[in-house]
Amino acid sequence: MAIKIMICDDEIDILDVTQMILEDAGFEVIAVSDSLNAEQIFLNEMPDLLLIDLWMPGISGDRIISSLKSNVAHTNIPMIVLSASDTGKQTAMSCGAEDFIPKPYDIDNLLDILNSHLIEKSNSKY
Amino acid sequence: MEDFLVNLPDFGNADLRLFAAALHASSNGVVITDHNQPDEPIIYCNNAFENLTGYTKKEIIGHNCRFLQGEDRNQKSRNLLRAAIKDGEHCTVLLRNYKKDGKMLWNELMISPIKNPQGIVTHFIGIQNDVTKRVNAENELVEERELLDEQVRERTHNLEESESYLSAIVETIRESLIVLDSELKILSANENFCSFFRERYQDIIGENLFKIGNGQWDIPELRQLLLNILPHNNPFEGFEMENEFASIGRKMLILNARQMTLKGKYQDRILLAIEDITERKAIEYRKEDFINIASHEMKTPLTSIKGNFQLLEKIAKRNNDTTYLKGFATAGKSIGRLERLIHDLLDVARMQSGKIQFNFEPFSFRKLIEDAVNVLEQSSPEHKISMTGIADITVEGDFGRLEQVMINLLSNAVKYSPVEKGINVHLSMLSGYCKVSVTDSGVGIHKRDHKRIFERFYRADEISERFPGVGVGLYVCSQIIKEHKGTLWVESEEDKGSVFSFTIPLKQNQYGN
Ligand SMILES: Cc1cc2nc3c(=O)[nH]c(=O)nc-3n(C[C@H](O)[C@H](O)[C@H](O)COP(=O)(O)O)c2cc1C
């Protein structure tokens, strides 16, 4: 079974290209553009990793992360912020995200980071 | 003694003679006039009188004393004398008299009647005292006092003028000013304070600052600051406070306060200046917002471009499709350049509004340089970068920002150096500082541009003509190094390559600004 990654970004162009990149790398991808649905979709799909933007209309990425992280069942799921904001790193760290990737990202760098978190997650499982 | 007696009038009594002898020896002038003869002729004068007036006895005896007044007859005391003589009474006056040589003397004259047993005045005795020195001294004193009074009047006038000058300044100044006493009662307030905070002058004078306007000034932090001023002569400056004022709404204020002293008058007053920066702050916020939005808006399409491009390149390489390899390489470089440019422009905007953040942390200096060299070796593998010198040291600084500087210097070196010639990075330690020099063998920089290339947008056309793609990176670098209390400079000659060097102190607080 493929590893499932959920991406949430209101910018359709970025959502699309990130989905293609991740699918090309062999992941199963759930792409969500409406942040207001993100939490519910996350709960339905239970992805292995969440990659999420910060500034989005409706609800911001950091609030979604803190809400999801407040549930103990999700503490093991890596949640990573992908943002063009300069203060993104601080916001990411304070909401409980595992990592921060600045936009524009580098494909190889993006995949390296995601993989290292997925490896860490699978190690901690057993 | 003989001579004496000859000159003495005959009083017909030996005891009286003794008295007369004593008079003769007195240092005051003494005259006796005969009241029973017409016009009070002098019948006796002592030696002192001669000395006093410069006249001799033979010029004196038989005359009325008024000859001493010379032409100066218009004196009030003359009337007093006349009246006293007429009424046979005692009197003391001050007169201007003139010596034989014409010199003026102030004569303090005392005359007393001598009466016979029947109470009829027979003689007058006059005692003259030369008080010229005293009167002159007194006059001088009066003059001096008048002069002093004049000066005081002048000073007061000046003071009044400078006070009105000052109050003109105080009233025209755009800041609100109030003067408080040690209990923080308002002693005075300028026009601006009253109009800005919509207070009536007469309502607030004498009131405690924290009581006016429904206690809207009663902010614990401000109270603490104000109460600290007088006991410790501890002024404060730039205290920013945001407060909701009932009459004027939410305002952002900046407060300065200091102790006021006027020698001898007071030393327990506080001058509080209040500046309204609500508008300025709003502009700052808008500017900041703009930078953040611009940053986001530029990075978003770039993220899509870069992602799509890298994905296409990756698939093409996987499929061994070499058709567009050159195109991919060029596009990749351009995307990198655009990314750096956006980054730099945003940095410049932030630096200008003072919004750039620095996170100072200790880190290995060598690692910083090696990381940057690695980045460049990956993006430009054809260039050889050598490292010399040692600096195995921990420094305090913003790793990310300093790495940005190193990458910038190295990419410039790569950009302007022919591939076959290498680039050298040299590390060294100086007293309390570490130094990095990046040497290239590129086109070099003319001396006149050595300073300009670090300036922001300095004749961008001219510079970019000679150094295409240099952008604003060097300006950003110099600002970053400045923030680390170091220096960044270049040594170069045209066609001989360039050496870009920077120094930073090992510890940030050790070499304070
Ligand atoms: C005893 C005696 C001594 C006087 N000594 C002086 C004197 O030293 N200097 C002077 O100017 N007048 C002196 N006078 C006052 C003048 O003699 C005279 O009385 C005065 O000038 C007023 O009078 P007149 O207005 O007629 O001059 C003296 C008067 C008397 C009676």
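Only a predicted model underlies this, so the values are computations on that prediction, with no experimental measurement involved.

About the criteria used
- Residues numbered from 1 in each chain as written.
- Chains lettered and ligands numbered in written order.
- Predicted model: local features only at pLDDT ≥ 70, side-chain atom pairs only at ≥ 80, totals over all residues.
- Heavy atoms only, no water.
- Helix = DSSP H or I, 4+ residues; strand = E, 2+ residues; numbered from the N terminus.
- Buried < 20%, exposed > 50% of the residue type's maximum accessible area, 1.4 Å probe, protein only.
- Areas by Shrake-Rupley, 256 points an atom, 1.4 Å probe, with all protein chains shown as cover.
- Pairing = 2+ DSSP bridges.
- Axes fitted to C-alpha atoms, helices over the stretch in contact; angles between N-to-C directions.
- Contact = heavy atoms within 4.5 Å.
- Parallel < 35°, antiparallel > 145°, perpendicular 65-115°, else oblique.
- Left-handed = near helix turned anticlockwise from the far one by under 90°.
- UniProt positions renumbered as here; feature names shortened; annotations may be inferred.
- Patch = residues over 30% accessible without salt bridge, like charges linked within 9 Å, V, L, I, M, F, W, Y side chains within 5 Å.
- Salt bridge = Lys/Arg side-chain N within 4 Å of Asp/Glu carboxyl O.
- Near = heavy atom within 4 Å.
- Polar contact = N/O pair within 3.5 Å; in protein donor to acceptor, adjacent residues only side chain to side chain.
- Nonpolar A, V, L, I, M, F, W, Y, C, P; charged D, E, K, R; others polar.
- Lys, Arg positive; Asp, Glu negative; His and termini not counted.
- Charge placed at Lys NZ, Arg CZ, Asp CG, Glu CD.
- Phe/Tyr/Trp six-rings, centres within 6.5 Å; stacked < 30°, edge-to-face > 60°.
- Buried area = accessible area lost by both parts, 1.4 Å probe.
- Expected span 1.5 Å × (residues − 1).
- pLDDT = per-residue confidence, 0-100.

**Student:** What exactly am I supposed to notice about the overall build of chain B here?
**Tutor:** Counting its regular elements, chain B contains 16 helices and 17 strands. For chain B, with 513 residues in total, the buried portion stands at 39%. Accessible surface, chain B as shown: approximately 30,100 Å² in total, 52% of it carbon and sulfur.

**Student:** Looking at this structure, how should I read the overall build of chain A?
**Tutor:** For chain A, the helix and strand inventory stands at 5 helices and 5 strands. Tracing chain A from N to C terminus, the helices and strands come up as β-α-β-α-β-α-β-α-β-α. Of all 126 residues assigned to chain A, the portion counted as buried reaches 49%. Surface exposure of chain A reaches about 5,700 Å², of which carbon and sulfur atoms provide 49%.

**Student:** Explain unusual backbone geometry here, please?
**Tutor:** Among all residues except glycine, the phi angle is most often negative; among peptide bonds, the trans geometry is most common. In this model, Lys103 of chain A is joined to Pro104 of chain A through a cis peptide bond whose omega is -5 degrees. Although it is not a glycine, Arg198 of chain B sits at a positive phi angle of roughly 50 degrees. Mapped onto the elements, Arg198 of chain B comes out in the loop between helix 7 (191–196) and helix 8 (201–204). Residues other than glycine seldom take positive phi values, yet Lys485 of chain B does so here, at roughly 60 degrees. Within the secondary structure layout, Lys485 of chain B lies in the loop between helix 16 (473–483) and strand 16 (487–492). Overall, the relative accessible area of 27% leaves Lys485 of chain B in the partly exposed class.

**Student:** Got a minute to help me understand the sheet that holds strand 2 (residues 28–32) of chain A in this structure?
**Tutor:** Residue and element names in this part refer to chain A. What the 5 strands build is an open sheet, ordered 2-1-3-4-5; its pairing is parallel. The strands lining the two open edges of the sheet, one partner per strand, are strand 2 and strand 5 (99–102). Across the sheet, the mean angle separating the axes of adjacent strands is 20 degrees when strand polarity is ignored. Here 3 bridges tie strand 3 (residues 49–52) to strand 4 (residues 79–83), and the two strands are oriented parallel to one another. Looking across to strand 4, one finds that Leu51 is bridged to Ile80. Where helix 2 (residues 35–45) meets the sheet, it contacts strand 1 (4–8), strand 2, strand 3 and strand 4, and its direction lies at approximately 170 degrees from that of strand 1.

**Student:** Can you help me understand the packing of helix 2 of chain A against helix 3 (residues 61–69) of chain A in this one?
**Tutor:** Angle between the axes and distance between the axes: these two values describe a pair of packed helices. Residue and element names in this part refer to chain A. Running from N to C, helix 2 and helix 3 point in directions that differ by 25 degrees, and their axes come no closer than 10 Å. In terms of orientation, helix 2 and helix 3 fall into the roughly parallel class. Between helix 2 and helix 3 lies a crossing of right-handed hand. Touching Ser35, Ala38, Glu39, Phe42 and Leu43 of helix 2 are Ile64, Ser67 and Leu68, all from helix 3.

**Student:** Explain the UniProt feature "modified residue: 4-aspartylphosphate" (unreviewed entry) in chain A here, please?
**Tutor:** Residue and element names in this part refer to chain A. Sequence positions flagged by UniProt for "modified residue: 4-aspartylphosphate" (unreviewed entry) are, in local numbering, Asp53. The residue Asp53 is located in the loop between strand 3 and helix 3 in this model. Each residue touching Asp53, except ones within four places of it in the same chain, is listed here: Cys8, Asp9, Asp10, Gly61, Leu82, Ser83 and Lys103.

**Student:** In this structure, what is going on with a nonpolar patch on the surface? I would like to understand it.
**Tutor:** Taken together, the side chains of Tyr165, Leu166, Ile169 and Ile173 of chain B make up a nonpolar region of the molecular surface, amounting to roughly 390 Å² of accessible area. With respect to the element layout, Leu166 of chain B can be found in helix 6 (residues 132–172).

**Student:** Would you mind showing me how to read the site of the ligand here?
**Tutor:** Residues and elements named next belong to chain B. Lining the immediate environment of the ligand, one finds 22 residues, of which Asn64, Arg66, Gln69, Arg82 and Gln128 sit closest. Between the ligand and the protein, one listed contact pairs an oxygen atom with a side-chain N or O atom of Asn64 at 2.7 Å. Protein burial of the ligand: of its 620 Å² of free accessible surface, 95% is covered by the chains. Secondary-structure elements contributing two or more residues to the shell around the ligand are strand 1 (29–34), helix 5 (76–87), strand 3 (91–98), strand 4 (104–115) and strand 5 (121–130). Grouping the constituent residues of the shell around the ligand by class yields 10 nonpolar, 7 polar and 5 charged.

**Student:** What is the right way to read a negative patch on the surface from this model?
**Tutor:** Together, Glu140, Glu143, Glu144, Glu146 and Asp149 of chain B make up a negatively charged patch on the protein surface. Its location among the elements puts Glu146 of chain B in helix 6.

**Student:** Explain the packing of aromatic side chains to me, please; I cannot follow it from the model alone.
**Tutor:** Where two aromatic rings form a pair, the distance of their centres and the angle of their planes describe that pair. Residue and element names in this part refer to chain B. Across all of its chains, the model carries 12 aromatic pairs over all chains by this definition. With 5.0 Å between their ring centres and 85 degrees between their planes, Phe363 and Phe399 make a pair best called edge-to-face. You can see Phe363 sitting in strand 11 (residues 361–364) and its partner Phe399 sitting in helix 14 (residues 399–416), a full 36 residues away along the chain. One aromatic cluster is present, formed by Phe193, Phe196, Phe197, Trp217 and Phe245 through successive ring pairs.

**Student:** Hey, could you run me through the interface of chain A and chain B in this one?
**Tutor:** A common way to express how large an interface is: the accessible area buried when the components associate. Counting from both sides, the interface comprises 16 residues of chain A and, opposite them, 18 residues of chain B. Counting each side, the surface lost to burial between chain A and chain B is near 1,700 Å², with a carbon and sulfur contribution of 59%. Together, Asp24, Trp55 and Pro104 of chain A form the three largest contributors to the area buried by chain A at its contact with chain B, with a combined 31%. Counting every contact that joins chain A to chain B gives 2 salt bridges.

**Student:** How should helix 11 (residues 278–318) of chain B be read in this particular structure?
**Tutor:** One full turn of an α-helix is made of 3.6 residues, so residues set three or four places apart face in the same direction. With 41 residues, helix 11 of chain B extends 59 Å between its outermost C-alpha atoms, agreeing within 8% with the 60 Å of an ideal straight helix rising 1.5 Å per residue. Asn320 of chain B lies just past helix 11 of chain B and shows a positive phi near 55 degrees.

**Student:** Any chance you could explain the pairing of strand 3 of chain B here in plain terms?
**Tutor:** Each regular strand carries side chains that alternate between the two faces of the sheet. All names here are of chain B. On strand 3, burial follows the alternation: Cys91, Val93, Leu95 and Asn97 on one face are buried, whereas Thr92, Leu94, Arg96 and Tyr98 on the facing-out side are not. Where strand 3 and strand 4 come together, 8 bridges link them in antiparallel fashion. In the strand pairing of strand 4, Leu94 is matched with Glu108. The loop that links strand 3 with its antiparallel partner strand 4 comprises 5 residues; one of these, Gly102, has a positive phi angle of about 95 degrees.

**Student:** Just to check I follow, could you spell out the confidence of the model for chain B for this structure?
**Tutor:** Any segment with low pLDDT has predicted coordinates that should not be analysed in fine detail. All names here are of chain B. When the pLDDT values of chain B are averaged, the result is 85; 92% of them are 70 or greater. Throughout residues 1–7 the model reports pLDDT below 50, and contacts reaching past four residues in sequence, or to other chains, amount to 3 contacts. Taken together, the chains of this predicted complex give a pTM of 0.53 and an interface ipTM of 0.93.

**Student:** Hey, could you run me through the environment of His63 of chain B in this one?
**Tutor:** Residue and element names in this part refer to chain B. One can find His63 in the loop between helix 4 (57–60) and helix 5. When its relative accessible area of 37% is taken as the criterion, His63 is described as partly exposed. As a C-alpha pair, His63 and Ile43 span 20 residues in sequence and 8.5 Å in three-dimensional space. When residues no more than four places from it in sequence are discounted, the contact partners of His63 are Glu40, Pro41 and Ile42. Side-chain polar atoms of His63 contact the backbone oxygen of Glu59, separated by 3.1 Å.

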